[in-house]
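# Architecture at a glance
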Amino acid sequence: MWGGRFAEGPAAVMAEINASIPFDKRLWRQDVRGSIAHAEMLGKTGIVGQSDADAIIAGLKQIETEYEAEGVPVNLALEDIHMTIEARLTEIIGPVAGRLHTARSRNDQVATAFRLWTRDAVNEVMGALSNLREALIVRAEEQSDTILPGFTHLQVAQPVTLGHHLLAYYEMFTRDASRLRMCNQRNSECPLGSAALAGTGFANDRDMTAKALGFERPTANSMDSVSDRDFALDYLMAASQIALHLSRLAEEIIIWASQPFGFVALSDAWSTGSSIMPQKRNPDAAELVRGHAGRITGCLNALMMTMKGLPLAYSKDMQNDKPPVFEAHDLLGLCLTAMTGMVESMTFAPEKMRTAADSGFSTATDLADWLVRQGGIPFREAHHITGAAVKLCEERGCGLADLSIEDLVAIDGRIAGHDLPDLTVEGSVASRTSYGGTAPEQVRYQIMMLKQTNRL
């Protein structure tokens, strides 16, 4: 490839560090798609004779069939997937293959293939994310009435329903889906035909290739076209956010599956044992999801550091753009599949959840709210009165629901003559009927609305 300018070949280490075929070979489908679109444009515009364009397209389709069946051969001397395909095309159709590179450069070629791959990757993750969200909806509907403690600072705060808790993660993953959609909305311009950095003197039809490849329009600036990797960063940012949400859910599962909690049991399919302790059932799938989040966010940091100091236009540093994106995508796919399997198959322990929800005076806020509503007491004073009631319960070794109205009147006489509210955990969750609240009826309403508005 460099014969016209270079008298000697590269050093062995230079050949190795320069080659990207070991990892960019997975772009072969997108590169073939881009090359076919480019060849069709060359033929239609007359930049290349139609018979030559037809021969190029036929050769590319043959390569597509070969690679689908046999995989991509790796030859470091050919550097990357683009030259690997071109070399094979030359073997198939001869010197005519050299016309394919007319009016393009590897710079716009790789930018196009990578954009196409990233769009495909986003669509894959959207499908996997949809499966997880559907699993959460199914389990939330099933557990609409199940009560468990809601925590703040990992301390029992107020009783909530398990359905409500699961819907919280559904909302997180719904925002993630919107971020993915925005990735593809921004990645809707095609760089093909921008050439090395300055455009080309050939009368190419960039609108034609953009449309053929499913983009909305061609990119507007040739220098930005070949040096932009925002689309890859967008994807890694969205992937990192998904990984963070997956990690939070994984952490809850790990805590819930521990013996002190015992809220959930993972199926055999998503658990492992110990090499020395036969009684162990370890939530390794959840732990690996939690751990992979660090690797995925690390991939984002890696690409940001690669891009942070690059001048326009293309620099060889950008060859390092693909490994972190590929790694993050593969890890994210594993994590989403594993989490969906865990959510679908885990077994809940409602009795243990309900018992835990009844601890720590979790209905204290209900008492304070009742003092405000029935006694007309300012909330800060009601907060103080409730604190005194909790202290009384601690002294007696009982719960708030065990106190009488006389006990409370003894603390503050302004509430004389009123009937006590239902301070059980069932009464508490049933009362939380505000929009988006934890009451079972609200959980079922939210699920109904999700189904009706197709937010699944």
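Summarised in this report is the structure supplied together with it. (Residues numbered from 1 in each chain as written. Predicted model: local features only at pLDDT ≥ 70, side-chain atom pairs only at ≥ 80, totals over all residues. Heavy atoms only, no water.)

Along the backbone of the protein chain there are 18 helices and six strands. Relative to the 2.2 N^0.38 estimate, which gives 23 Å for 456 residues, the radius of gyration of the protein chain is 31 Å and therefore markedly larger than a compact globule would have. Considered along the principal axes of its C-alpha atoms, the protein chain spans approximately 100 × 55 × 40 Å. In the protein chain, of all internal contacts separated by at least 6 residues, the share reaching a separation of at least 24 is 76%. A total accessible area of about 21500 Å² is found for the protein chain, and carbon and sulfur atoms account for 53% of it. The average position of the 42 basic charges and that of the 57 acidic charges among the side chains of the protein chain differ by 3 Å. (Helix = DSSP H or I, 4+ residues; strand = E, 2+ residues; numbered from the N terminus. Rg over C-alpha atoms; globule rule 2.2 N^0.38 Å. Contact = heavy atoms within 4.5 Å. Areas by Shrake-Rupley, 256 points an atom, 1.4 Å probe, with all protein chains shown as cover. Lys, Arg positive; Asp, Glu negative; His and termini not counted. Charge placed at Lys NZ, Arg CZ, Asp CG, Glu CD.)

All right, on to the packing of aromatic side chains then. Going through the model one piece at a time under the given rule, you end up with eight aromatic pairs. Taken together, a centroid distance of 6.5 Å and an interplanar angle of 40 degrees make the contact between phenylalanine 114 and tryptophan 117 tilted. Here phenylalanine 114 and its partner tryptophan 117 are both found in helix α6 (residues 106–142), three residues apart, which amounts to about one turn of the helix. Under the relative-accessibility criterion, phenylalanine 114 is labelled buried at 0%. The class of tryptophan 117 is buried, set by a relative accessible area of 6%. Ring centres of tryptophan 117 and phenylalanine 326 lie 4.7 Å apart, and the angle between their planes is 65 degrees; on these two criteria the pair is classed as edge-to-face. (Phe/Tyr/Trp six-rings, centres within 6.5 Å; stacked < 30°, edge-to-face > 60°. Buried < 20%, exposed > 50% of the residue type's maximum accessible area, 1.4 Å probe, protein only.)

Okay, the environment of arginine 179 next. Relative to the helices and strands, arginine 179 is located in helix α7 (residues 162–186). Taking relative accessible area as the criterion, arginine 179 reaches 29% and is therefore assigned partly exposed. Sequence separation of arginine 179 and valine 122 is 57 residues, and the distance between their C-alpha atoms is 9.9 Å. Residues contacting arginine 179, with those up to four places away along its chain left out, are Ala238, Gln241 and His245. Within the local environment of arginine 179, its side chain forms a polar contact with the side chain of aspartate 176, the two groups lying 2.7 Å apart. (Polar contact = N/O pair within 3.5 Å; in protein donor to acceptor, adjacent residues only side chain to side chain.)

Where strand β1 (residues 147–152) lies against strand β2 (residues 155–161), six bridges are found, and the strand directions are antiparallel. Its bridge partner lying in β2, leucine 148 is registered against valine 160. Connecting β1 to the antiparallel partner β2 that follows it, the hairpin turn spans two residues, and histidine 153 within it adopts a positive phi of roughly 60 degrees. (Pairing = 2+ DSSP bridges.)

Now for the side chain of serine 20. Inspection of the secondary structure assignment puts serine 20 in the loop between α1 (12–18) and α2 (21–24). Apart from the residues within four sequence positions on either side, serine 20 is in contact with Glu79, Asp80 and Gln319.

Before going further, it helps to examine helix α18 (residues 440–452). Between its first and last C-alpha, α18 extends 18 Å over 13 residues, near the 18 Å set by a 1.5 Å rise per residue. Of the surrounding secondary structure, the elements contacted by the buried residues of α18 are α6, β2, α7 and α17 (425–431). (Expected span 1.5 Å × (residues − 1).)

Ranked by internal contacts, the top residues of the largest apolar core, which has 88 residues, are Leu246, Leu332, Leu336 and Met339. Beyond its immediate stretch of four places on either side in the chain, leucine 246 contacts Leu132, Phe173, Val289, Leu332, Cys335, Leu336 and Met339. One finds Ala368, Trp370, Val390 and Ile415 within the second-largest nonpolar core, a separate group that totals 18 residues. (Core = buried A, V, L, I, M, F, W, Y, C linked by side-chain atoms within 4.5 Å.)

Just distances and angles here, no functional claims.
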